[in-house]
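Residue-level structure breakdown
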Amino acid sequence: MENSRPATGYPAPTHNGYPPPNTAYPYSAPPPQSQPYSYPPYYQPPTRRNNLLRPLVVAAVAVTVILGCALLIFWLVVRPRIPEFHLTSLSVSNFSTNQSQVTGNWDAAIEAYNPNKKMRVSYYDVVSGIYYDGNYLTRTPLPPFSQDTRERTPLSAKFSVIDSYVERKVLDSINAERARGAVKFDFRLEAIAGFKYGGWRTRRRLVRVWCPDVPVNVSSKGSGSLVGGARKCRFRYSFTFMSFWIILGKV
């Protein structure tokens, strides 16, 4: 009698009585492949921009070279130099300290010198002041003045202060120096300066003249004068192309 396929749906047994091996894929079917990622093509800048940028770079380099050559020629011809200031005398009278207040009168004499051979200089909005260790005590305006080449100009300034407040530590430092025989004041001068060479003028710039630690032998009566003779002051100015060539001229 022939073997018939069982009605239960199971596969027919083999000749040895065991069911046939399961050859079906044990995992679920893999998902269908999506469309592969397409990378954008390499971006190449338009050549038109390069064509426009190249002349601009060349023009900027050419202008820089021409300007540098012009400044070099100007420096070789004019030889600009830094103006010089000397504090020739500084005296004090009626100087006194009380609690946190300072009273006194100062007389200062300054000499301004223009060492340039071909450039004139003018000063505007001139203001001078007396300081102690960077602390403001008093100040006064001075008239504007101009200097021709190689000219020396004497200046004088008078200062007065009555019961001006200062910090306690500043007052203690003044009294300590006074007990040792000399008080070191600072003299400062600020102005707006402009140089002129023929018909050519520089832009006006702020300049600062600073004479630090100027010793004055203040006596017990509150009067005294500069110790050690005249002192050369420092000269500071806003940096410009002109300032750069003035530095070279000093070197």
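Residues numbered from 1 in each chain as written. Predicted model: local features only at pLDDT ≥ 70, side-chain atom pairs only at ≥ 80, totals over all residues. Heavy atoms only, no water.

In the annotation of an unreviewed UniProt entry, the entry for the protein chain reads LEA 2 domain-containing protein, and the organism field reads Citrus sinensis.

1. A short note on the nonpolar core
Within the largest apolar cluster, 44 residues are counted, with the highest numbers of intra-cluster contacts made by Phe85, Leu87, Leu90, Trp106, Tyr123, Phe185 and Phe187. Secondary structure elements with two or more residues in this core: strand S1 (84-98), strand S2 (101-113), strand S3 (120-132), strand S4 (135-142), strand S6 (152-165), helix H2 (168-180), strand S7 (183-197) and strand S9 (205-216). No other element matches S7, which puts seven residues into this core. Aside from chain neighbours lying at most four places away, what touches Phe85 is Ile110, Glu111, Ala112, Tyr123, Phe145, Val209, Arg231, Lys232, Cys233 and Phe235. (Core = buried A, V, L, I, M, F, W, Y, C linked by side-chain atoms within 4.5 Å. Buried < 20%, exposed > 50% of the residue type's maximum accessible area, 1.4 Å probe, protein only. Helix = DSSP H or I, 4+ residues; strand = E, 2+ residues; numbered from the N terminus. Contact = heavy atoms within 4.5 Å.)

2. Comments concerning the state of the cysteines
In this structure the tally under the stated criterion is one disulfide. Covalently, Cys211 is tied to Cys233 through a disulfide, its sulfur atoms 1.5 Å apart. Its S-S torsion of approximately 60 degrees makes the covalent link between Cys211 and Cys233 right-handed. Note that Cys211 is positioned in strand S9 and Cys233 in the loop between strand S11 (231-232) and strand S12 (234-237), a separation of 22 residues in sequence. (Disulfide = S-S within 2.5 Å.)

3. Points about the confidence of the model for the protein chain
Per-chain confidence: the protein chain averages 82 in pLDDT, with 72% of residues scoring 70 or above. Across residues 241-251, confidence stays below pLDDT 50; counting only partners more than four residues off in sequence or on other chains, it has 26 contacts. (pLDDT = per-residue confidence, 0-100.)

4. Remarks on a positive patch on the surface
Taken together, the side chains of Arg81, Lys117, Lys118, Arg150 and Lys232 make up a positively charged region of the molecular surface. You can see Arg150 is positioned in the loop between strand S5 (145-147) and S6. A relative accessible area of 43% means that Arg150 is categorised as partly exposed. (Patch = residues over 30% accessible without salt bridge, like charges linked within 9 Å, V, L, I, M, F, W, Y side chains within 5 Å. Areas by Shrake-Rupley, 256 points an atom, 1.4 Å probe, with all protein chains shown as cover. Salt bridge = Lys/Arg side-chain N within 4 Å of Asp/Glu carboxyl O. Lys, Arg positive; Asp, Glu negative; His and termini not counted. Charge placed at Lys NZ, Arg CZ, Asp CG, Glu CD.)

5. So, the side chain of Gln147
Along the chain, Gln147 turns up in strand S5. Of the polar contacts made by the side chain of Gln147, one reaches the backbone oxygen of Ala112; its length is 2.8 Å. Once residues within four sequence positions are removed from consideration, Gln147 is found in contact with Ala112, Tyr113, Asn114, Arg120, Val121, Tyr123, Arg152 and Thr153. (Polar contact = N/O pair within 3.5 Å; in protein donor to acceptor, adjacent residues only side chain to side chain.)

6. A word on a nonpolar patch on the surface
Taken together, Leu53, Leu56, Val57, Val61 and Val65 make up a surface patch of nonpolar side chains, about 460 Å² in accessible area. Locating Leu53 in the fold gives a position in helix H1 (residues 47-78). The class of Leu53 is partly exposed, set by a relative accessible area of 48%.

7. A few points about the packing of aromatic side chains
Tallying each qualifying case throughout the model produces nine aromatic pairs. Between Phe159 and Phe187, the aromatic rings sit 6.4 Å apart at their centres with planes inclined by 75 degrees, giving edge-to-face as the arrangement. Note that Phe159 is positioned in strand S6 and Phe187 in strand S7, a separation of 28 residues in sequence. Using a relative accessible area of 3% as the deciding quantity, one classes Phe159 as buried. These aromatic residues form a ring-pair network of at least three members: Phe85, Tyr123, Phe145 and Phe235. For Arg152, the ring lying beneath its charged end belongs to Tyr113, and the centroid distance is 4.0 Å. (Phe/Tyr/Trp six-rings, centres within 6.5 Å; stacked < 30°, edge-to-face > 60°. Lys NZ or Arg CZ within 6 Å of the ring centre and 35° of its normal.)

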